[in-house]
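Fold and geometry: a report
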Amino acid sequence: MTTQTKQRVAAIQIVSTRDIEANLHEAERLLAEAARQGAKVAVLPENFAVLSTADMIDCGRNEAGDKPVIRNFLSARARKLGIWIVGGSLPVAQRPDGTGIEDRVRATCLVYDDQGQEVGRYDKIHLFDAKVEDAHGQYRESDTFEPGEQVVTIDTPVGKLGMAICYDLRFPELFRALREQGAEWICLPSAFTWQTGDAHWHALIRARAIENQVWVVAPGQGGQNSERRRTYGHTLICDPWGKITAEREEDGPGVITGELDLERLKQVRANMPVWEHRRL
């Protein structure tokens, strides 16, 4: 795929609730805004359509069936708007090889091209099982989700994309593997808790960008999603030198855009060729 040296991407911030229909309506509005602003690729946050754990299994079975609501939504929006969409994450009760999952689902990020064709899939590898000092307290994604195992990169109009989701951010070896596969930019759809985001979000994203000399596009859930859950937001785009080039600093839904400059990427890598300097 031929790419220009500068292409505009959008990162979308949403405050999803348990109302799936309302979540999709909001995503539709924001995707249209991303297209209006000239984005070639728009990236949605984690759990953009389904946030409630109680709804994951049923929804995941539906998405693995013949009439998947969310997958069809993403395909239709990409085709109508003429943009690529990186679909945050949604539950799918089926593995990439087609085998079904009975008691859990995969946290799956799907990529659609501007014709509405599904051209990429990544299943979240690292699952968030942790205690957090918030109203929710205990998070155990492994009770609901089955981990993925494949490192995924795909060609897009804005360069080779490496795929990661939320908690993956804390595992630098995954980002190393994505760079090994030729990633020029990495997406990180997220739903960071407010506490962990306030402590680590910016530091970790900048570190992963600097270490691997890649652009990072990180859309997040951002606001009061429910009585017990507040997400951090701060949807951002970070360049390969660790500079944040665009950020939504306030809570609430919105769109940020920025140009991914592949010439700058090449310059950073040429001036400081850390990849060749590694001693394994």
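Now for a quick tour of the structure. (Residues numbered from 1 in each chain as written. Predicted model: local features only at pLDDT ≥ 70, side-chain atom pairs only at ≥ 80, totals over all residues. Heavy atoms only, no water.)

A closer look at the nonpolar core
Trp185, Trp201 and Ile205 are the most contacted members of the largest nonpolar core, which has 46 residues in total. In contact with tryptophan 185, not counting residues within four places along its chain, are Val41, Val43, Thr156, Val158, Gly159, Lys160, Leu161, Gly162, Trp215, Val217 and Leu260. The next biggest cluster of nonpolar side chains, apart from the first, holds 32 residues, and it includes Ile12, Ala49, Ile83 and Ala93. (Core = buried A, V, L, I, M, F, W, Y, C linked by side-chain atoms within 4.5 Å. Buried < 20%, exposed > 50% of the residue type's maximum accessible area, 1.4 Å probe, protein only. Contact = heavy atoms within 4.5 Å.)

Topic: the packing of helix H4 (residues 172-180) against helix H5 (residues 194-212)
Running from N to C, H4 and H5 point in directions that differ by 40 degrees, and their axes come no closer than 10 Å. Taken as a pair, H4 and H5 cross one another with a handedness that is right-handed. Contact residues: Pro172, Phe175, Arg176 and Arg179 in H4; Arg208, Glu211 and Asn212 in H5. A class-by-class count of the residues in the contact of H4 with H5 yields two nonpolar, one polar and four charged. (Axes fitted to C-alpha atoms, helices over the stretch in contact; angles between N-to-C directions. Helix = DSSP H or I, 4+ residues; strand = E, 2+ residues; numbered from the N terminus. Left-handed = near helix turned anticlockwise from the far one by under 90°. Nonpolar A, V, L, I, M, F, W, Y, C, P; charged D, E, K, R; others polar.)

Thoughts on the environment of lysine 6
Inspection of the secondary structure puts lysine 6 in strand S1 (residues 6-13). A residue is classified by how much of its surface remains accessible, and lysine 6, at 44% relative accessible area, is partly exposed. For the pair lysine 6 and glycine 159, spaced 153 residues apart in sequence, the C-alpha to C-alpha distance is 9.5 Å. Apart from residues no more than four positions distant in its own chain, lysine 6 is found in contact with Glu259, Leu260 and Asp261.

Focus: helix H1 (residues 20-36)
If you check H1, its first and last C-alpha atoms are 24 Å apart, about what 17 residues at 1.5 Å a residue would give, namely 24 Å. Taken together, the buried residues of H1 touch S1, strand S2 (41-43), helix H3 (69-81), strand S3 (84-86) and strand S17 (254-261). The N-cap residue of H1 is aspartate 19: its side-chain oxygen and the backbone nitrogen of glutamate 21 are 3.2 Å apart. Positive phi shows up at glycine 38, right after H1, with a value of about 90 degrees. (Expected span 1.5 Å × (residues − 1). Polar contact = N/O pair within 3.5 Å; in protein donor to acceptor, adjacent residues only side chain to side chain.)

Here's the deal with unusual backbone geometry
For cysteine 166, which is not glycine, the phi dihedral falls at a positive 45 degrees. Mapped onto the secondary structure, cysteine 166 falls in the loop between strand S10 (159-163) and H4. Judged by its relative accessible area of 8%, cysteine 166 falls in the buried class. Unusually for a residue other than glycine, glutamine 213 sits at a positive phi of about 50 degrees. Its place among the elements puts glutamine 213 in the loop between H5 and strand S12 (215-218). In this structure glutamine 213 comes out as buried when scored by relative accessible area, which is 4%.

Section: the sheet that holds S10
The strand order across the open sheet formed by six strands is S9-S10-S11-S12-S15-S16, and the pairing between neighbours is mixed. Since the sheet does not close on itself, it has two edges, and those belong to strand S9 (153-156) and strand S16 (244-247), each with one partner. With direction set aside, neighbouring strand axes in the sheet form an average angle of 20 degrees. Here S12 pairs with strand S15 (residues 236-238) via three bridges, running antiparallel. Of the residues in S15, the one forming a bridge with valine 216 is cysteine 238. Contacting S12, S15 and S16, H5 runs over the sheet at an angle of about 35 degrees to S15. (Pairing = 2+ DSSP bridges.)

Here's the deal with the side chain of aspartate 261
Examined against the element boundaries, aspartate 261 turns out to sit in strand S17. With residues near it in sequence (within four places) discarded, aspartate 261 still touches Thr5, Lys6 and Trp215.

Here's the deal with the packing of helix H2 (residues 53-63) against H3
Here H2 crosses H3 at 60 degrees, and the two axes come no closer than 7 Å. With respect to H3, the element H2 is oriented oblique. Contacts between H2 and H3 involve Cys59, Asn62 and Glu63 on the former and, on the latter, Val69, Ile70 and Arg71. Class assignment for the residues of the contact of H2 with H3 results in three nonpolar, one polar and two charged. (Parallel < 35°, antiparallel > 145°, perpendicular 65-115°, else oblique.)

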